[in-house]
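Chains, contacts and geometry: an overview
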There are 2 protein chains.
Amino acid sequence: MNSSDLVIQSDSLATTQRTQIKRLPQRGDYDRTLIHQILDAGLVCHVGFVVEAQPFVIPTAYGRVGDRLYIHGSPASRMLRTLRESVEVCVTVTLLDGLVLARSAFHHSMNYRSVVIFGKAEIVEDATEKLEALKAFTEHVIPGRWVEVRPPTPQELAATLVLTLPLNEASAKVRTGPPKDDAADYELPIWAGELPLRLTPLVPVPDPQLPPDMQLPTSVQQYSQGLAEATA
Amino acid sequence: MNSSDLVIQSDSLATTQRTQIKRLPQRGDYDRTLIHQILDAGLVCHVGFVVEAQPFVIPTAYGRVGDRLYIHGSPASRMLRTLRESVEVCVTVTLLDGLVLARSAFHHSMNYRSVVIFGKAEIVEDATEKLEALKAFTEHVIPGRWVEVRPPTPQELAATLVLTLPLNEASAKVRTGPPKDDAADYELPIWAGELPLRLTPLVPVPDPQLPPDMQLPTSVQQYSQGLAEATA
């Protein structure tokens, strides 16, 4: 070990029985930075909860501030009515990075990055934290948007239930690279490799009620440009 | 009602207490064709199940054959060990179609298509059905691939646990179109609209162990071409 090893300390979460990755543990990771990166790159999470022994999995938007995940919605939704009762929840974010095409049907796979979070959600009552969470939702949809739009009114803040989940019981799982075929199959004359996939923005569609001469805002210009460069 | 109304019969699934869409029911749908289209367009599902009152949400690949969804994996995985015990499961597929940018922070949203399925998974024991399911997995990753690759051996078939879920208790939820702002906000000089998103293939990456002169297979050529046209 040289001195640089001492600097590169891993900031890993402690594993628990729930987050311990049992299948293909070499794909698992508990590094806080990796977990945050995956959460920030995703747009939709899948929230799992239980009502009378029945599991529900509901897609929803989210935001992250530091070591906390935030979700929100109407207090009337089944999901939020359930989660506000401080039940166990599992939130999963999955980014699909590519199709893994092997020489055998059996070894076809996908490249992905995913995060699984366990915990109990809490209602955000503090007005400042609630506003920060709403800012995080908007900025998570598209960075730079918050300063372009009309901010929430007190009535809108009151009508929104915001829940938060600590990011201290979470794991990441990542698959990258080419297929892993059986040794004998590498001799077969079959193309194998990865077909990378990226979520790409198309041409923005203005609201039909906009004045015709209105320019695209900075947030949309930068988002389209940034993703175009990432896929080039 | 004229005679054409009699022809266009909707093939809808019966709603149950679990699939009844309570939030924004105008976005809900139980049409079998729509549900199948969304499932066929997706690549990853999120499987929700309960172990000792704890919900788990795990991303996995899937395939569809008629009115049945198939998932598969190692018999050693926690998910498949749980599901094979015929417990209640919830499987959700979400396609993100666009960012919905409103004039107000509050009305930001996403355009999406999602399907939520409830039921109990069953083990596929029949060898013919199991092979059909494995074909469906491969063809679902990329159409036309099954005939290009080495088919499963009896050993591989035996090592794969295939589970099936009937598609008779399912619902779809779809949001399309521009933002829905408050009436007064339409006067604000703020750009609003949709930024459509598509999962787009990049340049295929050949397996490093391929001979250098090997051509791309038909499946990859058609996939890249088809998606490029869809996003043009």
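Residues numbered from 1 in each chain as written. Chains lettered and ligands numbered in written order. Predicted model: local features only at pLDDT ≥ 70, side-chain atom pairs only at ≥ 80, totals over all residues. Heavy atoms only, no water.

The next subject is empty space enclosed by the protein. All names here are of chain B. Evaluated as defined, the whole model comprises two cavities of 30 Å³ or more. Of the volumes computed, that of the largest cavity is approximately 60 Å³. For the lining of the largest cavity, the secondary structure elements donating two or more residues are strand 5 (68-73), strand 6 (88-101) and strand 9 (161-166). Taken as a whole, the second largest cavity encloses approximately 50 Å³ of empty space. (1 Å grid on protein atoms, 1.4 Å probe; cavity = no way out; pocket = protein on both sides within 12 Å on 5 of 7 lines; lining within 4 Å. Points joined across faces, edges and corners; volume = space filled by probe spheres on them. Helix = DSSP H or I, 4+ residues; strand = E, 2+ residues; numbered from the N terminus.)

Let us look at the packing of aromatic side chains. Per the counting criterion, the structure on display carries four aromatic pairs over all chains. Geometrically, the ring pair formed by Phe 49 of chain B and Phe 56 of chain B is stacked, given 5.5 Å between the ring centres and 10 degrees between the ring planes. Both residues of the pair, Phe 49 of chain B and Phe 56 of chain B, count as buried. An aromatic cluster is present here, built from Phe 49 and Phe 56 of chain A together with Phe 118 of chain B joined pairwise through their rings. (Phe/Tyr/Trp six-rings, centres within 6.5 Å; stacked < 30°, edge-to-face > 60°. Buried < 20%, exposed > 50% of the residue type's maximum accessible area, 1.4 Å probe, protein only.)

The next subject is unusual backbone geometry. Apart from glycine, the bulk of residues carry a negative phi angle, and the bulk of peptide bonds sit in the trans form. Even without glycine at this site, Glu 52 of chain A takes up a positive phi of about 50 degrees. Among the secondary structure elements, Glu 52 of chain A is positioned in the loop between strand 2 (44-51) and strand 3 (54-61).

Turning to the pattern of salt bridges, a few remarks are in order. Oppositely charged side chains may form a pair once their charged atoms are brought near each other. If you walk through the whole model with that rule in mind, you get 20 salt bridges over all chains. One salt bridge connects Arg 103 of chain A with Asp 207 of chain B, and the closest N-O pair in it is separated by 3.0 Å. Taken together, the residues span two chains, with Arg 103 of chain A in the loop between strand 6 (88-101) and strand 7 (109-120) and Asp 207 of chain B in the loop between strand 12 (205-206) and helix 6 (218-231). Of the two residues examined, Arg 103 of chain A and Asp 207 of chain B, each falls in the buried class. (Salt bridge = Lys/Arg side-chain N within 4 Å of Asp/Glu carboxyl O.)

This brings us to the relation of the copies chain A and chain B. Placing chain A over chain B gives an RMSD of 0.0 Å and needs a rotation angle of 180 degrees, together with 0.0 Å of translation along the axis. What the superposition gives is, in effect, a two-fold axis relating one chain to the other. Among all residues of chain A, the one whose C-alpha sits closest to the rotation axis is Leu 199 of chain A, at a distance of 2.1 Å. Both copies present the same face, since 100% of the interface residues in chain A are matched by interface residues at the equivalent positions in chain B. (Least-squares fit on C-alpha atoms with pLDDT ≥ 70 in both. Contact = heavy atoms within 4.5 Å.)

Regarding helix 2 (residues 32-41) of chain B, the residues found buried are Leu 34, Ile 35, His 36, Ile 38 and Leu 39 of chain B. Among the residues of helix 2 of chain B, the N-terminal cap falls to Asp 31 of chain B, whose side-chain oxygen and the backbone nitrogen of Thr 33 of chain B are separated by 3.2 Å. (Polar contact = N/O pair within 3.5 Å; in protein donor to acceptor, adjacent residues only side chain to side chain.)

The interface is formed by 88 residues belonging to chain A together with 88 residues belonging to chain B. Between chain A and chain B, the buried area comes to about 7,500 Å², and carbon and sulfur atoms account for 68% of it. Three residues, Arg 150, Trp 191 and Leu 202 of chain A, lead the burial of chain A against chain B; their summed loss comes to 10% of the area buried on that side. At the junction of chain A with chain B, the criterion picks out 28 residue pairs in polar contact (both at pLDDT 80 or more). Where the side of chain A that touches chain B is concerned, the elements lending two or more residues are strand 2, strand 3, strand 6, strand 7, helix 4 (127-141), strand 11 (193-201), strand 12 (205-206) and helix 6 (218-231) of chain A. For the side of chain A that touches chain B, the element with the highest residue contribution is strand 11 of chain A, accounting for nine residues. Of the residues contributing to the side of chain A that touches chain B, the split by class is 53 nonpolar, 20 polar and 15 charged. Summarising the sheet, strand 12 of chain A and strand 11 (residues 193-201) of chain B pair through two bridges and their orientation is antiparallel. (Buried area = accessible area lost by both parts, 1.4 Å probe. Nonpolar A, V, L, I, M, F, W, Y, C, P; charged D, E, K, R; others polar. Pairing = 2+ DSSP bridges.)

A few words now on the sheet that holds strand 8 (residues 122-123) of chain A. Strands pair in a sheet through their backbones, by hydrogen bonds, and they do so in one of two ways: parallel or antiparallel. Residue and element names in this part refer to chain A. Spatial ordering of the open sheet is given by 4-5-9-8, a layout of four strands whose pairing is antiparallel. Strands with a single pairing partner mark the edges of an open sheet, and in this sheet they are strand 4 (63-65) and strand 8. Pairing analysis gives three bridges linking strand 4 to strand 5 (residues 68-73), with the strands arranged antiparallel. If you follow Gly 63 over to strand 5, its bridge partner there is Tyr 70. Together, strand 4, strand 5 and strand 9 (161-166) form the strand contacts of helix 4, whose direction differs from that of strand 5 by roughly 85 degrees. (Axes fitted to C-alpha atoms, helices over the stretch in contact; angles between N-to-C directions.)

With that settled, the discussion passes to helix 4 of chain A. Its 15 residues give helix 4 of chain A an end-to-end C-alpha distance of 21 Å, which sits within 8% of 21 Å, the value for a rise of 1.5 Å per residue. One side-chain oxygen of the residue at the start of helix 4 of chain A lies 3.2 Å from the amide nitrogen of Thr 128 of chain A, identifying that residue as Asp 126 of chain A. (Expected span 1.5 Å × (residues − 1).)

All names here are of chain B. With respect to the helices, strands and loops of the structure, Asp 213 is situated in the loop between strand 12 and helix 6. For Asp 213, a relative accessible area of 67% gives the class exposed. When the C-alpha atoms of Asp 213 and Val 50 are compared, they prove to be 49 Å apart, with 163 residues separating the residues in sequence.

Let us look at the confidence of the model for chain A. Residues and elements named next belong to chain A. On average, chain A scores 88 in pLDDT, and the residues at 70 or more come to 89%. Long-range and interchain partners of residues 1-10, a stretch whose pLDDT sits below 50, account for two contacts in this model, where long-range means more than four residues apart. Here the prediction assigns the complex a pTM of 0.89, and the interface score ipTM is 0.88. (pLDDT = per-residue confidence, 0-100.)

On to the pairing of strand 2 (residues 44-51) of chain B, then. Sheet faces and side chains relate simply in a regular strand, where the side chains alternate between the two faces. Residues and elements named next belong to chain B. With seven of eight residues buried, strand 2 lies mostly within the body of the structure. In terms of strand pairing, strand 2 meets strand 3 (residues 54-61) through eight bridges, oriented antiparallel. By the bridge assignment, Val 50 is partnered in strand 3 with Pro 55. Taking the residues between adjacent antiparallel strands as the criterion, strand 2 and strand 3 are bridged by two residues, where Glu 52 takes a positive phi near 50 degrees. Relative to strand 6, strand 2 runs antiparallel, the two sharing three bridges. Looking at strand 6, one finds that Gly 48 is bridged to Cys 90.

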